[in-house]
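# Examining the three-dimensional arrangement
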Amino acid sequence: MHVLSYGAGVNTTALAILLVRRKMPLDVAVFADTGAELPETYDYVDVAREYLDRHGVELKIVRSKSGSLYETCKRRKVIPSKIWRWSTRDYKITPIHAYYRSLGTHIYEYLGIAYDEVERMKVSKEEYITSLFPLIDRKMTRNDCVKMIRSARLSIPVKSGCFMCPFMDIPRWKSIYTNHPDLYKKAMKLEETSKHFPTQRLNVHTLRGLIERGFDQSQDKHTMSDKPCGAFCMT
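Attention in this report is confined to the structure presented alongside it. What you are looking at is a predicted structure, and each value in this text was computed from that prediction instead of being measured.

The rules we used
- Residues numbered from 1 in each chain as written.
- Predicted model: local features only at pLDDT ≥ 70, side-chain atom pairs only at ≥ 80, totals over all residues.
- Heavy atoms only, no water.
- Helix = DSSP H or I, 4+ residues; strand = E, 2+ residues; numbered from the N terminus.
- Rg over C-alpha atoms; globule rule 2.2 N^0.38 Å.
- Buried < 20%, exposed > 50% of the residue type's maximum accessible area, 1.4 Å probe, protein only.
- Salt bridge = Lys/Arg side-chain N within 4 Å of Asp/Glu carboxyl O.
- Core = buried A, V, L, I, M, F, W, Y, C linked by side-chain atoms within 4.5 Å.
- Contact = heavy atoms within 4.5 Å.
- Polar contact = N/O pair within 3.5 Å; in protein donor to acceptor, adjacent residues only side chain to side chain.
- 1 Å grid on protein atoms, 1.4 Å probe; cavity = no way out; pocket = protein on both sides within 12 Å on 5 of 7 lines; lining within 4 Å.
- Points joined across faces, edges and corners; volume = space filled by probe spheres on them.

### Some words on the overall build of the protein chain
On a plain count of helices and strands, the protein chain comes out with nine helices and five strands. The globule rule puts the C-alpha radius of gyration for 235 residues at 18 Å, and the 18 Å found for the protein chain is close to it. Reported as C-alpha extents along the three principal axes, the dimensions of the protein chain are approximately 50 × 35 × 30 Å. By the burial criterion, 53% of the 235 residues in the protein chain qualify as buried.

Right, here's the structure in full:
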């Protein structure tokens, strides 16, 4: 089976359009819901589902058996780790691979890595998965992906990722604080009640400290362009 690993971001949305337009084999698209995505991402999943439905492709949503990422962090009194990447493993990779195994056949997995981020390209270590990179094969950059989405008359999705991602830069945190203050408060409480606080934080400053600093970026060492989570997050 040919499966699109869909992240609800620019790259994988453009990839979905490319696959449809080129009539490349595509049996199903799969989106791993962490239970902690931004509202804009959930809204865009509906946009993608409608587009794929029109072309006869199902969008399958899979989830971890452990519940939402936020509730797991709250229960364990931890925050997602930049070092161990357990949240990506448990809430993206594991449920997607479990779904693949349930299909009982070899999987040709389309991954949305753009040509200007080729360093993110990772071939699957699983024998039952063959990784495919159509955007790289066609030397499509992120800007090319944006153009393709616009040519399909779809809106441009926000960068996907959970609302307490430790890789977010200060502008992203400011956006969440402004547009989703409830989620910012939840992330801040999660950070401050973590058993590793203040040694481990969600930014170079604490989230409360970011508010106090007026979201000053002069000492920010985080950048969303780091593309930290392989092929499964923020694509």
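That shown, we press on.
### Regarding the pattern of salt bridges
Enumeration over the complete set of coordinates arrives at seven salt bridges. Its salt-bridge partner being Arg 63, residue Asp 33 comes within 3.1 Å of it at the nearest N-O pair. Of this pair, Asp 33 sits in the loop between strand E2 (28-32) and helix H2 (39-54) while Arg 63 is found in the loop between strand E3 (58-62) and helix H3 (69-76), placing the two residues 30 residues apart along the sequence. With its nearest N and O atoms 2.7 Å apart, the salt bridge here joins Arg 208 to Glu 192. In this pair, Arg 208 is assigned in helix H9 (residues 207-212) and Glu 192 in helix H8 (residues 181-193), connecting sequence segments 16 residues apart. Taking the relative accessible area as the measure of exposure, Arg 208 reaches 39% and is therefore partly exposed.

### What about the nonpolar core?
The biggest cluster of nonpolar side chains holds 30 residues, and the ones touching the most others in it are Leu 4, Tyr 6, Leu 52 and Leu 59. For this core, the secondary-structure elements that each account for two or more residues are helix H1 (10-21), E2, H2 and helix H6 (142-151). Top element by residues in this core is H1. It accounts for eight residues. Leaving out residues up to four positions away in the same chain, Leu 59 has contacts with Tyr 6, Ala 29, Val 30, Phe 31, Val 45, Ala 48, Arg 49 and Leu 52.

### What to know about the side chain of Ser 131
Mapped onto the elements, Ser 131 comes out in strand E5 (residues 129-132). Classification of Ser 131 by relative accessible area gives buried; the value is 12%. For Ser 131, the side chain forms a polar contact with the main-chain nitrogen of Ser 124, separated by 2.9 Å. Not counting residues within four places of it along the chain, the set of residues in contact with Ser 131 comprises Glu 109, Leu 111, Lys 122, Val 123 and Ser 124.

### Some remarks on empty space enclosed by the protein
Scanning the entire structure with this criterion turns up four cavities of 30 Å³ or more. By volume, the second largest cavity amounts to about 50 Å³. In terms of lining residues, the second largest cavity is bounded by Tyr 6, Thr 13, Ala 16, Ile 17, Tyr 44, Ala 48, Tyr 51, Leu 52 and Leu 154. Looking at the lining of the second largest cavity, the elements that each hand over two or more residues are H1 and H2. Sort the elements by how many residues they give to the lining of the second largest cavity and H2 lands first, with four residues.

### Comments concerning the layout of surface pockets
Taken as a whole, the second largest pocket encloses approximately 310 Å³ of empty space. Along its surface, the second largest pocket is lined by 18 residues, and Ile 79, Pro 80, Ser 81, Lys 82 and Gln 200 are the ones closest to its centre.

### Thoughts on unusual backbone geometry
The step from Phe 197 to Pro 198 runs through a cis peptide bond, and the omega angle for that step is 5 degrees. Among the secondary structure elements, Pro 198 is positioned in the loop between H8 and H9. Residues other than glycine seldom take positive phi values, yet Arg 85 does so here, at roughly 55 degrees. The residue Arg 85 is located in the loop between H3 and helix H4 (86-103) in this model. The class of Arg 85 is partly exposed, set by a relative accessible area of 30%. A positive phi angle, near 60 degrees, is found at Arg 153, a position not held by glycine. Along the chain, the position of Arg 153 falls in the loop between H6 and helix H7 (170-179).

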